[in-house]
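# Topology and contacts: notes
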Amino acid sequence: MNSNVTGARIGYIAFNTFREAVRDRVLYNLIAFALLLSGAAILVGEISIDIERLVVVNLGLTAVSLFGVVIAIFIGIGLVSKEIDKRTLYTVLSRPVRRWEFVVGKFFGLTGTLVVNTFFMALGVFLALVYVAHKFEPMDVWVLAALYFIVLQFFIVCALALFFSSFSTPLMSAIFTFALFVIGNLSEDLRGFARVTSGLGGAVATAIAYMVPNFSALNVISQVAHGDPVPGRLILYNTAYALLYSAMAISGAVLIFQRRNLK
Amino acid sequence: MKMTPTRRVTLAATAVFLLSLSGSVTAIHAIDRLQANSVPQQALYLRSTKVLRRLSLGYTGLLADIYWTRAVQYFGQQHHNDSGDFRLLSPLLEVTTELDPQLLPAYQFGANFLAPKPPNGAGLPGAALALTQYGIAHNPDQWRLYYNLGFIYYTELNDYAKAADAFKRGSELPGTNDFMPILAARMAQHAGEFDTARMLWFTTYQSTKDARIRQNAVEHLLALQVDEDITRLEQVIQKYRAQTGHLPSSFGDIERAGFIRGTPADPKGHAYRLMPDGRIEVEDPQKIYFITKGLPPGAEPPQPPHEPQPDLK
Amino acid sequence: MAIAAIEILDLEKSYLVGFWRKRPKLALRPLRLTIEEGEVFGFLGPNGAGKTTTLKLLMGLVFPTAGTARILGMDMDDPRVKAQIGFLPEQPYFYDHLTARELLNYYGQLSGIPSKERSARVEQMLARVGLSDSAGIQLRKFSKGMLQRVGLAQAILHDPKLVFLDEPMSGLDPMGRREVRDLIQQLRQEGKTVFFSTHILSDAESLCDRVAVIHQGELRGVGKVAELTSGTQGKVEIVFYANAQQVPTALTALGAESRFGGGNMVNSVLPEAQQDAALDVLRREHMKLISLTPVRRSLEEYYIQQLRPAENEEIRNQESHKQENQKNELREEASRKGVGV
């Protein structure tokens with residue numbers, strides 16, 4: 001098997017996925033986001049002057065994170081589950097495309113879409129920040145770190161959306177993915193709980209606590225809002241984690257999709 | 001088994017899955033270790049419980065449980081790190097109880113670990129009092145809260161009158177512990193006695209399921225025993241000296257004089273040491289905590305180690 | 001001897017149905033069929049017979065519970081197969097927001113057509129299916145017929161040796177169907193093998209070299225179209241102009257069944273033996289003969305005949321169950337006695 005051709009096919013699938021997402025006007029969330037942020041920025045001006053920056057960063061980054069997750073789930077499910085459901089896939093898979101190439105290509109297309117989406121939202125946040133603070137401060141660089149972590153979070157969410165789409169209906173996939181997003185944000189507490197629980201309950205809790213995506217470590221919004229730095233090692237570890245977890249979910253998706261009978 | 005392209009992909013995907021699974025678990029460990037040395041981030045930014053309450057969209061119970069778990073984790077972690085810094089314990093417990101005023105274990109935890117001085121606790125008896133009183137206001141028929149109140153007044157503030165009052169009020173509530181009225185009575189005249197303190201710590205031990213609190217109570221009971229033993233032994237030595245005109249050179253002397261039987265040992269089984277100047281010392285001060293007697297001159301009362309000990313039954 | 005285009009070897013598919021997914025339902029009984037290279041093969045059967053299941057099995061969209069197939073001499077799992085085949089599914093659905101041109105280009109990329117040739121080939125295909133004018137319109141605006149044409153275009157885009165079509169005429173108007181028929185003829189002339197499933201017999205009759213009839217997951221019959229329809233029914237059909245809006249009584253006396261076409265044109269079908277007598281009647285009455293054709297057995301008759309054993313289906317099932325049970329009992333007996341069967 002010529003690996004070049006595999007890479008080319010994955011690239012074509014990724015690009016096509018991106019194009020579908022853009023044309024599906026799904027990225028219009030950006031408009032809603034921009035409106036929300038500008039509204040908030042104006043409101044903030046009415047409140048105490050000291051915490052303007054705090055509110056903008058907190059609100060802005062939280063909005064980027066939440067909007068992005070919703071988008072990730074929508075296009076992830078919409079573009080993959082729907083494709084499988086509606087038999088668009090028949091003509092794709094009758095070509096020399098391997099099933100795993102399809103999954104991987106979709107993943108890159110989805111994450112690419114989200115990176116672009118995040119870029120524009122981040123721009124909005126920085127604009128709002130400059131608007132309220134009237135200048136850039138050195139601590140703003142940590143906001144970039146927080147945004148990077150949010151992108152890593154999207155990688156994981158996309159991978160999970162793909163994983164569930166490989167065997168479940170569009171609605172259930174969306175629900176499962178969103179549920180894991182919520183639980184994942186509490187994963188640090190889950191691990192703490194698992195540590196103090198003994199016996200079978202403890203074993204089960206531990207298993208769940210480590211399998212659930214570690215979104216709590218990827219959320220540094222509060223500290224960045226206060227201008228605190230993000231440790232370099234955390235950036236390193238989180239990157240490794242996000243890549244590994246995504247790989248796990250994608251390989252799971254591949255394994256399931258390999259043997260799926262398409263209706 | 002024929003190696004078809006499909007099988008190859010299945011094998012590769014399985015390998016990737018297993019490797020990335022173990023890799024991600026390792027990464028989580030690394031991240032947790034990294035975070036453990038820094039004060040938990042979310043805890044630092046507790047500004048307004050009202051905001052928190054609104055953000056929780058009504059699921060305040062769950063949020064309270066989460067903060068409770070975090071409080072316990074935080075305390076254990078700070079203890080483990082030997083930092084002596086528990087400044088977040090109070091706000092964490094406050095948030096917990098404001099979100100769920102009926103979370104009784106939080107008040108108990110606060111009474112036992114907010115009041116004592118570092119490195120055992122946060123050294124904030126005032127905060128502990130405020131927390132307990134808040135708890136009483138929201139749970140007026142819980143005798144345990146009055147017990148906690150009395151406990152704080154007794155152990156950290158030495159205000160026996162208020163302690164007595166608290167125990168009395170608690171003794172009038174339904175389901176109250178049998179010791180409460182006795183404790184209330186003893187506060188008046190026998191506040192400083194060993195038996196009173198012993199009763200108090202025993203009640204603490206008996207009335208909680210929290211392993212940490214029980215552990216703490218046990219250590220205190222053992223220390224009381226040691227203090228009592230040594231006080232009595234030193235009195236015996238004075239009697240001996242009055243009788244013979246000189247200090248005993250060994251326990252055998254005292255035994256032959258009929259004052260004691262056998263070689264006295266501490267509750268952990270180590271024999272006491274008779275010092276040439278008539279004092280008694282414990283064999284190894286590091287092995288018994290909280291004692292105020294039996295230490296070499298100028299020594300600090302030893303504190304428990306950082307690793308949680310198994311619960312002594 | 002040429003390699004068969006498709007060799008289906010006991011390909012079988014069963015599903016588990018029911019609430020607990022325990023009951024097996026046989027969508028396709030073990031199918032054994034060979035399609036030769038260069039022929040146009042029709043796969044006939046009513047809806048739900050298993051035609052689409054067979055196609056999906058061959059495409060690798062669904063996995064067989066037993067059996068296998070060889071396509072163009074290669075194992076059906078071999079990825080190299082895909083480069084040589086094209087597939088048009090039933091009622092295809094494509095990416096809504098791509099234009100026809102973009103879709104074909106994308107599929108061309110996936111099929112590995114080098115970029116140099118790709119755009120030329122795409123334009124060629126668009127012209128061939130008559131979509132050159134609509135090439136820049138997004139697919140969500142396409143009518144059913146246009147989508148079908150896009151489907152055909154993508155099936156032959158990469159010049160495959162073997163083309164699979166699932167109900168290619170479905171949803172097309174007569175013009176569209178004519179175009180598809182012409183396309184299939186062209187493919188055949190180009191030496192390609194065409195395997196298509198349909199339940200419209202007239203299409204099959206006019207296009208196919210051989211047909212197979214499938215019903216309730218089971219192959220009922222295979223044969224050359226020419227042979228299946230060669231037998232005459234002993235009748236002839238005469239088309240002529242009558243003198244008035246009236247069938248000559250003499251003709252009816254010969255046992256003719258007649259009907260009117262437009263104007264005074266009449267179609268009469270009568271026994272072959274009366275052929276000469278009928279011609280005499282026409283000559284006598286001075287009526288103009290248009291055509292005289294033997295009535296061949298239609299494919300429809302063959303088809304219905306193959307389907308009829310359906311009534312005996314139940315009986316046959318029971319029979320085979322009984323046989324299975326007997327076999328099992330024998331086996332048990334033998335193993336109990338310690339004898340190998």
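The rules behind the values
Residues numbered from 1 in each chain as written. Chains lettered and ligands numbered in written order. Predicted model: local features only at pLDDT ≥ 70, side-chain atom pairs only at ≥ 80, totals over all residues. Helix = DSSP H or I, 4+ residues; strand = E, 2+ residues; numbered from the N terminus. Buried ≥ 20, exposed ≤ 12 C-beta atoms within 10 Å, placed from the backbone. Contact = placed C-beta atoms within 7 Å. Pairing = 2+ DSSP bridges. Nonpolar A, V, L, I, M, F, W, Y, C, P; charged D, E, K, R; others polar. Domains from an automatic or database assignment. Expected span 1.5 Å × (residues − 1). Arc of directions from axis to C-beta. Axes fitted to C-alpha atoms, helices over the stretch in contact; angles between N-to-C directions. Left-handed = near helix turned anticlockwise from the far one by under 90°. Core = buried A, V, L, I, M, F, W, Y, C linked by C-beta atoms within 7 Å. Parallel < 35°, antiparallel > 145°, perpendicular 65-115°, else oblique. pLDDT = per-residue confidence, 0-100.

## Concerning the overall build of chain C
- Each helix and strand in chain C was counted, giving eleven helices and 14 strands.
- If one aligns the C-alpha atoms of chain C with their principal axes, the spans along those axes are about 80 × 70 × 45 Å.
- Residues counted as buried form 36% of the 341 residues belonging to chain C.
- The contacts in chain C between residues at least 6 apart in sequence include a share of 69% that link residues at least 24 apart.

## Some details on the pairing of strand β9 (residues 210–215) of chain C
Residues and elements named next belong to chain C.
- Burial of β9 is extensive: six of the six residues sit out of reach of the surface.
- Covered by surrounding structure in β9 are Arg210, Ala212 and Ile214 together with Val211, Val213 and His215, the residues of both alternating faces.
- For strand β3 (residues 40–44) and β9, the ladder comprises four bridges, and the chain directions are parallel. From the neighbouring strand, Gly42 faces β9, where its bridge partner is Val211.
- The sheet contact formed by β9 and strand β10 (residues 218–224) spans six bridges and is antiparallel.

## A look at the interface of chain A and chain B
- In this complex, chain A contributes 29 residues to the contact, which on the side of chain B involves 25 residues.
- Secondary structure elements with two or more residues in the side of chain A that touches chain B: α8 (187–196), α10 (221–225) and α11 (232–258) of chain A.
- Top element by residues in the side of chain A that touches chain B is α11(A). It accounts for 15 residues.
- When grouped by side-chain class, the residues that make up the side of chain A that touches chain B number 16 nonpolar, nine polar and four charged.

## Some details on unusual backbone geometry
Residues and elements named next belong to chain C.
- We note that Leu72 has phi near 55°; this positive angle belongs to a residue other than glycine.
- Relative to the assigned elements, Leu72 resides in the loop between β4 (66–71) and β5 (74–75).
- Even without glycine at this site, Glu167 takes up a positive phi of about 50°.
- Overall, the presence of 21 C-beta atoms within 10 Å leaves Glu167 in the buried class.

## Quick look at the domain arrangement of chain C
- Split into domains, chain C comes out as domain 1 (6–228), domain 2 (232–296) and domain 3 (305–336).
- In this structure, domain 1 of chain C and domain 2 of chain C have C-alpha centres spaced 43 Å apart.

## Some thoughts on the interface of chain A and chain C
- With 22 residues of chain A at the interface, the matching set in chain C holds 23 residues.
- Every element with two or more residues in the side of chain A that touches chain C is listed here: α1 (3–23) and α4 (88–93) of chain A.
- The biggest single contributor to the side of chain A that touches chain C is α1(A), with six residues.
- Grouping the amino acids of the side of chain A that touches chain C by side-chain chemistry returns eight nonpolar, five polar and nine charged.

## Re helix α11 (residues 194–206) of chain B
All names here are of chain B.
- Helix length check: α11, at 13 residues, gives a terminal C-alpha distance of 18 Å against a target of 18 Å (1.5 Å per residue), a fit within 8%.
- Listed as buried for α11 are Thr196, Ala197, Leu200, Trp201, Thr203 and Thr204. For α11, the angular spread of buried residues about the axis comes to 155°, placing them on one side. Summarising the geometry of α11, the exposed residues directed more than 90 degrees from the buried face are Asp195 and Gln206.

## Re the packing of helix α6 (residues 141–165) of chain A against helix α7 (residues 170–185) of chain A
Residues and elements named next belong to chain A.
- Running from N to C, α6 and α7 cross one another at 145°; their axes reach a closest spacing of 9 Å. Of the two possible hands of crossing, α6 and α7 adopt the one that is right-handed. Contacts from Val157, Leu160, Ala161, Phe164 and Ser165 in α6 reach Ser173, Phe176, Thr177, Leu180 and Phe181 in α7.
- Grouping the amino acids of the contact of α6 with α7 by side-chain chemistry returns seven nonpolar, three polar and no charged.

## Some points on the nonpolar core
- Counting 159 residues, the largest nonpolar core has Ala72(A), Val103(A), Val157(A), Cys158(A), Ala159(A), Leu162(A) and Ile250(A) as the members making the most contacts within it.
- Of the residues forming this core, the biggest block, 18 residues, is contributed by α6(A).
- Of all hydrophobic cores here, the second largest spans 65 residues; its members include Ala115(B), Tyr153(B), Leu200(B) and Ile230(B).

## Structural notes on the packing of helix α6 (residues 104–113) of chain B against helix α8 (residues 143–155) of chain B
All names here are of chain B.
- Contact pair α6 / α8: the axes reach a minimum separation of 10 Å and the direction vectors enclose 10°. Judged on the interaxial angle alone, α8 and α6 are roughly parallel. Contacts between α6 and α8 involve Leu104, Tyr107, Gln108 and Ala111 from the former and Arg144, Leu145, Asn148, Phe151 and Ile152 from the latter.
- Residues belonging to the contact of α6 with α8 are distributed by class as follows: six nonpolar, two polar and one charged.

## Notes on the sheet that holds β3(C)
All names here are of chain C.
- A sheet is described by the order of its strands in space; here six strands give the open sequence β6-β7-β8-β3-β9-β10, paired in mixed fashion. Either end of the sheet is taken by a strand with one partner, and the two such strands are β6 (85–88) and β10. Each adjacent strand pair in this sheet contributes to an overall mean axis angle of 15°, direction not counted.
- Contacting β6 and β7 (162–166), helix α4 (residues 144–156) crosses the sheet at an angle of about 170° to β6.

## Let's talk about α7(A)
Residues and elements named next belong to chain A.
- For α7, built from 16 residues, the straight-helix expectation of 22 Å at 1.5 Å per residue is met to within 8% by its first-to-last C-alpha distance of 23 Å.
- Among the residues of α7, those classed as buried are Ser173, Ala174, Thr177, Leu180, Phe181 and Gly184. One face of α7 carries all of its buried residues, which in axial projection span an arc of 135°. More than 90 degrees from the buried face of α7, the exposed residues found are Leu171, Ala179 and Val182.
- Looking at the packing, one finds that the buried side of α7 touches α3 (52–85), α6 and α8.

## Looking at the environment of Leu114(A)
Residues and elements named next belong to chain A.
- By secondary structure assignment, the location of Leu114 is in helix α5 (residues 99–133).
- Measuring from C-alpha to C-alpha, the distance between Leu114 and Leu66 comes to 12 Å, with 48 residues separating the pair along the chain.
- With near-sequence residues (within four places) excluded, Leu114 lies in contact with Gly68, Ile71, Ala72, Phe154 and Cys158.

## Section: the confidence of the model for chain C
- In the predicted model, chain C carries a mean pLDDT of 84, and the fraction of residues at 70 or more is 92%.
- In the predicted assembly, ipTM is 0.87 and pTM is 0.75.

## Here's the deal with the environment of Gln109(C)
- The residue Gln109(C) is located in helix α2 (residues 100–111) in this model.
- For the pair formed by Gln109(C) and Lys82(C), sequence separation is 27 residues and the distance between their alpha carbons is 14 Å.

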